[in-house]
Amino acid sequence: MKTIIVLLAIIALVACGQDDKGNKDFWHKQKFLFEIVYRIEEPLMFEEYIKLGQTFKYNKDDYEFPTNYEGYMDKYYEAYKRGVTLPKGEFFGAVAYTQFEQMYGLFEFFYYAKTWDIFQRNVCWARLHANEGMFVQALTLTIIHRDNFQGLVLPTIYEIFPQYFFNRKFVYKAGKFDFDVWRKNIMYEKKYKDLMYKDYGQYFEQYSNYNYFYTKDWKMWQWWKLMGLGDNWYAEERFIIRDNVAHFNKDSKYLEMLKNVRMFWMPVDYTRDIAMSNSESDLSYFTEDLEWNSFWYYFNMDYAPFLDGEAFGLNKDRRGEYYVYVVRQILARYYVERLSHGYGDIPEFSFFTEIEHGYNPQLIHSNGLAFSYRKNYYEYATHGNFEYLHKIQNFFKRLDEIVTKGYYTTNDGKTISMRQPEAIEFLGNLMQGNVDNYDKYFATFWYMFAHMYIGNVDDNSQRVYPHTFLNYETMLRDPMFYMFYKKIANVFNRFHNFIKPYTHEELNLSGVSIQNVEVSDLITYFDLHDFDVTNLLNDKMNFVNGTFIWDTTLLARQMRLNHKNFEFNLTINSNRKQNVVIRAYYGPKYDEFGNVIPLNENRENFIEIDEFYYELKEGVNIFQRHSKDFFWLTHDRKTYTELYKFIVAAMEDKNEVPRYFVEPPCGFPDRLMLPRGWQKGMPMQLFFYVYPFNGTTEDTSNYDAAYYCGAGSGVRRIDNKPYGYPFDREIDEHEFFVPNMFFKDVKIYHEDVFEKYYTDGKFEKFGKFHYNYYYDLK
C-alpha cells in the first residue's frame, strides 16, 4: 500500500460526477464560497448574493435535524430577531462562552440545511447580518464537516483575516493604500532618502562601499532595507514568490490568467516591541508564523470540542488521544526552536507566580481596538474573574486525584481504569473539554473558562475585547500559550508514569534490523514569501456587466523559516518478505548547557516527521525516503487570487484545473519541520523504528481527502498504534533498544543567505527587488 495525498478538488469532481454539468456545478459552488468571504470586513457588494440573502425566511422544514438536536439555531434566530446577537464589526472570541453559543447556532443554520440552495441563501443572509468572525468560523466548520461538501474549500484563514496575523502598522498602511498616491510618493522616495542618509557614512567608516547606513545595520527582520527597499509600497511586473513558483511561471495558461492583475507588495515585519523587550521576541519569526498559527486553527476546526464525536465521526479518529499527541508535538517543536537560540525548558506556569515574559502582539481588530498586551512580570493572581480561577484550580486538582487513584467512576456508576494505556483517550477528552468526555458537568468547556480567565473576559458582559488567547488563530503567538499548555501536558506525563513501559519483546521485530541510515545535509535558511492580503484593501471593487473582475492584488512579502530538501537512505535487513510500518522522528540530544538529555526524559521532545508503509523483501533492502514525501506535511499554498482565477478559468472552460489545485488545510507546514539550527551545526538525533503492519487501516489509495483532512474518517493514520509510538510511554532503557530501531546523530545547519549582500559591498538596486536572490539560494 502506498499512502498518497488525494487532492480535494479532484475528489470533489469525482463526487459531483465526471460530466460537464457536475463539474460546472462544483466550480459555481466554489466560486460562491470565495466571493462570499471577499473583503469580509466590508459590506457585501455582490448584488446577486444581496438579493438572495434578502429572501431568507426561517422555516424548520428547510432543515434536517438530528435526534439529539439542542436548539442552538432556534436560540440564535430568536436573539437575532430581538437584536441582541453580536453586532457586525465587534470582536468575536471563539472561546468566549456566550459568543460561542451564538456561533454554534449560526453553524446549525448552515450545517442542517437540506439543500445547497437553502445553504447558499442562509449564508448570504448571514453575510448581511451576522458578525464577521462568527460567520467565518461557522462557515469553515460547515465546509469541513458536511459530507456532501467534500472538496469545497475556503481561502486560508490568514487570507480571510490578515489582521490576525500581521502587525497593526502593516494593517493601517494596507487600509489606506491608494495606487495614485503611491505612484506620486515613489517618485520622491529615493531623492528623500539620498538627502536624509547621505551624512551618516562618517559613523560607519568600518564599512566600505556602503549605500545607506541601515543596509549595514542589518537584522533578520529588516531584509527589505538590505535589498534597498524603503518602508513604502512598490510594484513591479513580476511574480508571486513561493517555493513552487518556478513551476507556475513556465505555464502559459497560468500566466495568461494573471496577466491583467495589478500586484502590489509591501514588506512586513514580525513583532519587535522595544518598550517590552525580552528574550522571547527572538522567536517571533516562529511563534508568529502564519502557517504555524493556522495549523492550530484548523486542528481545532477539525476537532472542535463542541462537536459530538459520534455524530461527526470524530471518535473514529481517537480524538482524545490525537489531542494529546498534537499538544505534545507543538510543545516539542517550540522547545527545539528555543534550543536553537540557547534557551532551555519552557517555563513552568502558575496562576500565583509572576509571568516573567510579557507580550505585545501588536495586532489590531478592524474596529480599531488593539489586542491586549501583557507587561513583563505580570501577576494573574491579582487580576481577572476569580470564579473562573477557582474552577480551573478545582479541575486540575480533581484530575490529579483521578490519575493518582487510578480509576474514575462516572455518574452512572461505571468505573474506568486509569492504569490502562487506552485510558489516554478518556484523559484526552477530559483535557480538551470536549463533549465526548464522561463528566459533562466537570470537564466540558473547562478550557473555555481557562482561556476566558487569561483573556480577562467578563462573563456578565456580551462585549469581549481583543486578546490572543480568545481565538485559535492567534493563541500560538503568545509565549505564555506554551507555558499553560505545558501544564496540560504534564497531566498526560503523570498518567504515563503509571503505565508499564514497553518490553523488549513488544518492541522487537524478529529477523529485522536497521543496518544504516544515511542522511543528506539538514540546512535551514530564511527565504521570502508572498502572502495574499487583498482582503485588507479599501478601494472600490470592479464590476463589469455585473461580473466581479479581480484586477488588484495586495501581497505581504515576509521572511520566513524554511529548509532545503533532504532525504534518508535506509538499509534494512529482513529474514523474510513482510509488510512493515516505518516511523521517523527527530529530537534534541543536548540541553541548553550541553548535557546529554536522558532518553526517558527526552522522549517528550521527539517530533514525528514521517510514517509510511513499506514491503520488505527477504535480504537487504536499500531505499530512499525524500522529505517532500513525508506523510503529514503540506507545501506552499496557492494564494487567494490565484485560486479564484483557477476557478473562473475552470467555469469558462479556459483551462483544465491542474492536479496541484490546492493543498489540504490540515497538514503541518513542511518548511517548519526543522528548527533554525546553528551556522556551525546544531546537534540533533534522528530515530527510526520498523514494526509490523497489522492491516487495520483501509487502503487509502482509493480513499478520499478524508485520509488527511476529512475529520471523522478513522483512517488518518496507517495503523492503530498509539500516536507517538513508541515514545508514547515511559522508557525502560534496559528494554527499549532493539535491532529494528536506529538512532542517528546529525547536525542542523543554518545558512545566512543574505550574507553576500552585506559583505560584498554596495547594493545598487535601490527601489528594486533582487529577484535572482531567490533562485540563487535554491
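This section reports on the structure supplied with the text. (Residues numbered from 1 in each chain as written. Predicted model: local features only at pLDDT ≥ 70, side-chain atom pairs only at ≥ 80, totals over all residues. Heavy atoms only, no water.)

1. Thoughts on the packing of helix α17 (residues 319-339) against helix α22 (residues 479-496)
The interhelical angle for the contact between α17 and α22, taken along N-to-C directions, is 125 degrees, at an axis separation of 10 Å. As summarised for this structure, α17 and α22 are arranged oblique, according to the angle between their axes. Considering the relative orientation of α17 and α22, their crossing is left-handed. Across from Tyr323, Val324, Val327, Arg328, Ile330, Leu331 and Tyr334 in α17, the residues of α22 making contact are Pro479, Phe481, Tyr482, Tyr485, Lys486, Ile488, Ala489, Phe492, Asn493 and His496. Of the residues in the contact of α17 with α22, the class split is 13 nonpolar, two polar and two charged. (Axes fitted to C-alpha atoms, helices over the stretch in contact; angles between N-to-C directions. Helix = DSSP H or I, 4+ residues; strand = E, 2+ residues; numbered from the N terminus. Parallel < 35°, antiparallel > 145°, perpendicular 65-115°, else oblique. Left-handed = near helix turned anticlockwise from the far one by under 90°. Contact = heavy atoms within 4.5 Å. Nonpolar A, V, L, I, M, F, W, Y, C, P; charged D, E, K, R; others polar.)

2. So, the sheet that holds strand β4 (residues 512-519)
Pairing is antiparallel across the open sheet formed by three strands, whose spatial order is β4-β9-β12. In this open sheet, the two edge strands, each paired with only one partner strand, are β4 and β12 (619-626). Neighbour-to-neighbour, the strand axes of this sheet turn through a mean angle of 20 degrees, independent of strand direction. Bridge count for strand β9 (residues 567-574) against β12 is eight bridges, and the pairing is antiparallel. Considered in β12, the bridge of Thr571 is made with Ile622. (Pairing = 2+ DSSP bridges.)

3. Details of the nonpolar core
Phe119, Phe135, Leu139, Trp296, Met431 and Phe568 are the most contacted members of the largest nonpolar core, which has 223 residues in total. A per-element tally of this core places α17 first, with 13 residues. Ranked by size, the runner-up nonpolar core spans 18 residues in total, among them Tyr502, Tyr691, Ile718 and Val738. (Core = buried A, V, L, I, M, F, W, Y, C linked by side-chain atoms within 4.5 Å. Buried < 20%, exposed > 50% of the residue type's maximum accessible area, 1.4 Å probe, protein only.)

4. Points about the environment of Thr474
Tracing the backbone through its elements, the reader meets Thr474 in helix α21 (residues 472-475). Every residue in contact with Thr474, bar those within four places of it in the chain, is listed here: Tyr164, Asn293, Leu363, Phe371, His467 and Thr468.

5. Remarks on unusual backbone geometry
Along the chain, Tyr725 connects to Pro726 via a cis peptide bond; the corresponding omega equals 5 degrees. On the secondary structure map, Pro726 appears in the loop between β15 (682-692) and α26 (733-736). One non-glycine residue, Gln362, lies in the positive phi region at around 55 degrees. The topology assignment puts Gln362 in the loop between α17 and α18 (386-405).

6. Comments concerning the packing of aromatic side chains
Under the defined criterion, the tally for this structure stands at 113 aromatic pairs. The ring of Phe498 carries Arg419 above its face, with NZ or CZ at 3.9 Å from the centroid. Cation over ring: Arg729 sits above Tyr502, and NZ or CZ is 4.0 Å from the ring centre. (Phe/Tyr/Trp six-rings, centres within 6.5 Å; stacked < 30°, edge-to-face > 60°. Lys NZ or Arg CZ within 6 Å of the ring centre and 35° of its normal.)

7. Concerning α17
Helix length check: α17 (21 residues) gives 30 Å between terminal C-alpha atoms against 30 Å at 1.5 Å per residue, within 8%. Counting buried residues in α17 gives 21 out of 21 residues, a clear majority hidden from the surface. (Expected span 1.5 Å × (residues − 1).)

8. Overview of the sheet that holds strand β8 (residues 552-563)
Pairing between the strands of a sheet comes from backbone hydrogen bonds, and it takes one of two forms, parallel or antiparallel. Taken together, seven strands build an open sheet; the order of strands is β1-β8-β5-β16-β15-β10-β11 and the sheet is mixed. Looking along the sheet, the strands with just one partner apiece sit at the ends: β1 (262-267) and β11 (607-616). Geometrically, the sheet is characterised by an average inter-axis angle of 30 degrees between neighbouring strands, direction not taken into account.

From the geometry alone we can't say anything about function, so treat these as descriptive.
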